[in-house]
Amino acid sequence: MATLKLPSTVPSPSEDCEQLRKAFAGWGTNEELIIKILAHRNGAQRKKIQETYSETYGEDLLKDLDSELSSDFQRAVLLWTLEPVERDAYLVNEATKKLTASNWVIMEVACTRSSHQLLCVRQAYHAKYKKSMEEDIAYHASGNSRKLLVPLVSAFRYEGDEVNMTLAKSEAKTLHQKICDKSYNDDELIRILTTRSKPQLNATFNHYNDLFGNTITKDLKADPEDEYLKLLRSTIKCLTVPEKYYEKVVRLAINKLGTDERALTRVVITRAEVDLQRIAEEYQRRNSVPLDRAIGVDTSGDYEKMLLALMGHGDAC
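Being a predicted model, the structure only gives us computed values, none of them experimental. (Residues numbered from 1 in each chain as written. Predicted model: local features only at pLDDT ≥ 70, side-chain atom pairs only at ≥ 80, totals over all residues. Heavy atoms only, no water.)

**Structural notes on the overall build of the protein chain**
Under the convention used in this document: Secondary structure elements follow DSSP: runs of H or I of four or more residues count as helices, runs of E of two or more count as strands, with numbering from the N terminus. In this setup the radius of gyration rests on C-alpha atoms only. A globule is expected at 2.2 Å times the number of residues raised to 0.38. Accessible area is worked out with a 1.4 Å probe on protein chains only. A residue is then buried under 20% of its type maximum, exposed over 50%, and partly exposed in between. Contact criterion: two residues are considered in contact whenever any of their non-hydrogen atoms come within 4.5 Å of each other. Reported accessibility uses the Shrake-Rupley method at a 1.4 Å probe radius. Residues are deemed covered only where the shown protein chains occlude them. Counted as positive: Lys and Arg. Counted as negative: Asp and Glu. His and the chain ends are not counted at all. The atoms used to mark charge sites are NZ of Lys, CZ of Arg, CG of Asp and CD of Glu.
Within the protein chain, the regular secondary structure consists of 20 helices and zero strands. The C-alpha atoms of the protein chain give a radius of gyration of 21 Å, which matches the 20 Å a tight globule of 317 residues would have. When the backbone C-alpha atoms are referred to their principal axes, the protein chain occupies close to 65 × 45 × 40 Å. The proportion of buried residues among the 317 residues of the protein chain is 48%. Once local pairs closer than 6 in sequence are excluded, the contacts in the protein chain between residues at least 24 apart make up 70%. Accessible area for the protein chain stands at about 15300 Å²; split by element, carbon and sulfur atoms hold 49% of it. Taking the 45 positively charged and 48 negatively charged side chains of the protein chain as two groups, their mean positions are separated by 4 Å.

Shown next, in the form of structure tokens:
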């Protein structure tokens, strides 16, 4: 995969702001200059650019970007420029709205962020929307999905490496029994998935495979079309092998009759500074095509240039 690296000497935030103002000046917007600056700055640098822009010009950079840009490129740039916890709060809020509802987005944020990050997202949500994230999700979701999602976003999992193997074996048996009974919404099953640390869950799922000869996700495919079971399987993948979960999201986004730009944008933007390199490797392994090439074929214009520029961030930022 082609890699675009951050410039060896990064201009000061003041210089970046001056260049961004130039990009907005005149009759047309200089989209290439916006990409050249923002797509090659890490989270801390982008935050400083926003602060400097406000101090220097008395205006909100996000509002200026919003008015200057349009379509999928606009959404990609705005999401990228937001601080990660504010971006997650925005995405979750959007996922609770009728027209943009998505249990999957809520589940992704709950399962792929660290405990501290998730706590910060909840705090950012409070500050921006004057409500708790949990109450909006509880109001938006229903039935089994609500029963799973609310404790998922409320979790503060242990982040260490310690694993209790006796517990893992015991809880693997509990999970198997619940699945055999088709008690997919059982309190014990949900308790295990929403409170145990990720290393503990990995050990539990490994024991499950060893004891019963199937992966837990395979045993949860009793009804492949059941939306709650799909969410349950995706939750397990997100908690244990997020790169495989995201590879599938990207593959489905690109392979559809007409690209699902929202899903593609979300994965590239939210994972660019986390594990996009691993997702790209998984994509190539699974599809025998480099991810940047697949994105290049399926997108165009400034939107394509922005996504491909972010493909270069990988894990290095």
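Once the structure has been displayed, the description carries forward.
**Some thoughts on the UniProt feature "binding site: Ca(2+) 3" (unreviewed entry) in the protein chain**
Operational definition: UniProt positions are given in the numbering used here, feature names are shortened, and annotations may be inferred rather than shown by experiment.
The UniProt entry lists Asp298 under the feature "binding site: Ca(2+) 3" (unreviewed entry), expressed in the numbering used here. Considering the arrangement of structural elements, one finds aspartate 298 in helix H19 (residues 291-298). Beyond its immediate sequence surroundings of up to four residues, aspartate 298 is in contact with Ala253, Ile254 and Thr259.

**Observations regarding the layout of surface pockets**
Rules: Here a cavity is any set of points on a 1 Å grid over the protein atoms alone where a 1.4 Å probe fits but cannot get out, and a pocket is any open set with protein on both sides within 12 Å along at least 5 of 7 lines; a residue lines the site when it has an atom within 4 Å of a point. Grid points are joined across faces, edges and corners, and a volume is the space filled by probe spheres set on the points. Each residue gets one of three labels, nonpolar for Ala, Val, Leu, Ile, Met, Phe, Trp, Tyr, Cys and Pro, charged for Asp, Glu, Lys and Arg, and polar for the others, Gly among them.
Computed from the structure, the largest pocket encloses a volume of approximately 1100 Å³. When residues of the lining of the largest pocket are traced back to their parent elements, those giving at least two are helix H6 (84-95), helix H7 (103-112), helix H13 (198-212), helix H14 (216-219), helix H15 (227-240), helix H16 (242-255) and helix H17 (261-271). Looking at side-chain class alone, the lining of the largest pocket contains 16 nonpolar, nine polar and 15 charged residues.

**Notes on the environment of alanine 124**
Following the sequence through the fold, alanine 124 ends up in helix H8 (residues 115-129). It is 8.8 Å that separates the C-alpha atoms of alanine 124 and aspartate 88, two residues lying 36 residues apart in sequence. When residues no more than four places from it in sequence are discounted, the contact partners of alanine 124 are Val85 and Ala89.

**Notes on the packing of aromatic side chains**
Stated precisely, the cut-off is as follows: Two aromatic rings from Phe, Tyr or Trp, using only the six-membered ring of Trp, form a pair when their centres are within 6.5 Å; if the ring planes differ by under 30 degrees the pair is stacked, by over 60 it is edge-to-face, and anything between is tilted. Any Lys NZ or Arg CZ found within 6 Å of a ring centre and within 35 degrees of that ring's normal is scored as a charge over the ring.
Under the counting rule described, the total for this entry stands at five aromatic pairs. Ring centres 5.2 Å apart and planes at 65° place the aromatic pair tyrosine 208 and phenylalanine 212 in the edge-to-face group. Pair noted here: tyrosine 208 and phenylalanine 212 are both in helix H13, with a separation of four residues, about one helical turn. Residue phenylalanine 212 is classed as partly exposed on the basis of its relative accessible area, which comes to 29%. A network of ring pairs unites the aromatic residues Phe24, Tyr53 and Tyr57 as a single cluster. Lying across the ring of tyrosine 57, arginine 21 places its NZ or CZ 4.3 Å from the centre.

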